[in-house]
Amino acid sequence: MSTDAIVLLKEDHKEMRRLFKAFQDAEEGPASQRQKLVDQILEALTVHTYLENEVMYPEVRRLLPDLEDDILESYEEHHVADVLCAELASMNADDERFNAKTTVLIENVTHHVEEEEQDWFPKVRDALGRKQLQEIGEKMIALRADAPRTPAAPKAIKKALDAVTA
Ligand SMILES: [Fe+2]
Ligand SMILES: [Fe+2]
């Protein structure tokens, strides 16, 4: 299995896209099914944004100062996703706003993931060596076991606050 940071993050993105598609297919379906899919989406996003905020973004910012603007924009996009995730976590699937809020979350995250994959991950790949990307990936693998899994977890809340006050 690869430990390359970009490979690992793209694997997460692929799983998110799968869950987003599953939700879109289930949009008219039973509340229990939509609830289950949104719980999975919230867990996937909480873990992923945590690893990016705690490891990938600060490492890229430190190693490649030219990408500062991309990183700052990405933190802000995570913050928008954090707010939507926190609101969804306290809603029920039978709420009339549940599908609408999930759709906005999916649209925002899809846009954000496209920017990562198309705009700045390629620049990081070009600028950093394979070994550096593997070291960053290893840090993310190590942190993954301790990552928060729900938006209400204290570490998730701290991460969301750190991102806008740091
Ligand atoms: Fe991200
Ligand atoms: Fe990402």
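This text gives an overview of the structure that appears in the document. No experiment lies behind these values; they were computed from the predicted model shown. (Residues numbered from 1 in each chain as written. Chains lettered and ligands numbered in written order. Predicted model: local features only at pLDDT ≥ 70, side-chain atom pairs only at ≥ 80, totals over all residues. Heavy atoms only, no water.)

This brings us to the coordination of the iron ion (ligand 1). Perfect tetrahedral coordination of a metal by four donors corresponds to 109.5 degrees between them, and perfect octahedral coordination by six donors corresponds to 90 or 180 degrees. Taken together, Glu-52 (OE), Tyr-57 (OH), His-78 (NE2), His-112 (NE2) and Glu-116 (OE) make up the full set of protein donors to the iron ion (ligand 1), lying 2.0 to 2.4 Å away. Mapped onto the sequence, the donors of the iron ion (ligand 1) take the spacing E-x4-Y-x20-H-x33-H-x3-E. In this structure, the iron ion (ligand 1) is positioned 3.2 Å from the iron ion (ligand 2), and both are ligated by Glu-52. Taken together, the positions of Tyr-57 in helix 2 (residues 31-63) and Glu-116 in helix 4 (residues 98-127) put the pair 59 residues apart, joining distant regions of the chain. For the pair formed by Tyr-57 and Glu-116, the shared burial category is buried. (Donors = N, O, S within 2.8 Å, 3.2 Å for Na, K, Ca; no water. Helix = DSSP H or I, 4+ residues; strand = E, 2+ residues; numbered from the N terminus. Buried < 20%, exposed > 50% of the residue type's maximum accessible area, 1.4 Å probe, protein only.)

Below, the discussion takes up the coordination of the iron ion (ligand 2). At 2.1 to 2.2 Å from the iron ion (ligand 2) lie its protein donor atoms, namely His-13 (NE2), His-48 (NE2), Glu-52 (OE) and Glu-116 (OE). In the primary structure, the donors to the iron ion (ligand 2) are separated according to the pattern H-x34-H-x3-E-x63-E.

Between two packed helices, what matters for the description is the angle formed by their axes and the separation of those axes. Close contact between helix 1 (residues 5-25) and helix 4 brings their axes to 11 Å; oriented N to C, the two are set at 155 degrees. If you check the angle between helix 1 and helix 4, you find them roughly antiparallel. Relative to helix 4, helix 1 is oriented so that their crossing is left-handed. Where helix 1 approaches helix 4, its residues Ile-6, Val-7, Leu-9, Lys-10, His-13, Met-16, Arg-17, Phe-20, Phe-23 and Gln-24 are matched on the opposing element by Phe-98, Asn-99, Thr-102, Ile-106, Val-109, Thr-110, Val-113, Glu-116, Glu-117, Phe-121, Val-124 and Arg-125. (Axes fitted to C-alpha atoms, helices over the stretch in contact; angles between N-to-C directions. Parallel < 35°, antiparallel > 145°, perpendicular 65-115°, else oblique. Left-handed = near helix turned anticlockwise from the far one by under 90°. Contact = heavy atoms within 4.5 Å.)

Where helix 2 meets helix 4, the axes come as close as 12 Å, and the angle between the chain directions of the two elements is 30 degrees. It follows from the interaxial angle that helix 2 and helix 4 lie roughly parallel. Where helix 2 crosses over helix 4, the handedness of that crossing is left-handed. Of the residues in helix 4, those in contact with Arg-34, Gln-35, Val-38, Ile-41, Leu-42, Leu-45, His-48, Glu-52, Met-56, Tyr-57 and Val-60 of helix 2 are Phe-98, Asn-99, Thr-102, Leu-105, Val-109, His-112, Glu-116, Trp-120, Phe-121 and Val-124. Among the residues forming the contact of helix 2 with helix 4, the class breakdown is 13 nonpolar, five polar and three charged. (Nonpolar A, V, L, I, M, F, W, Y, C, P; charged D, E, K, R; others polar.)

Further remarks concern the nonpolar core. Soluble globular proteins tend to pack their nonpolar side chains together in the buried interior. Membership of the largest hydrophobic core comes to 23 residues, with the highest contact counts inside it found for Met-56, Val-60, Trp-120, Val-124 and Met-140. Sorting the residues of this core by element identifies helix 1, helix 2, helix 3 (68-89), helix 4 and helix 5 (130-144) as the ones contributing at least two each. Ranked by residues supplied to this core, first place goes to helix 2 with seven residues. Of all hydrophobic cores here, the second largest spans 21 residues; its members include Leu-19, Ala-81, Phe-98 and Val-113. (Core = buried A, V, L, I, M, F, W, Y, C linked by side-chain atoms within 4.5 Å.)

Taken by themselves, the reported measurements are silent on function.
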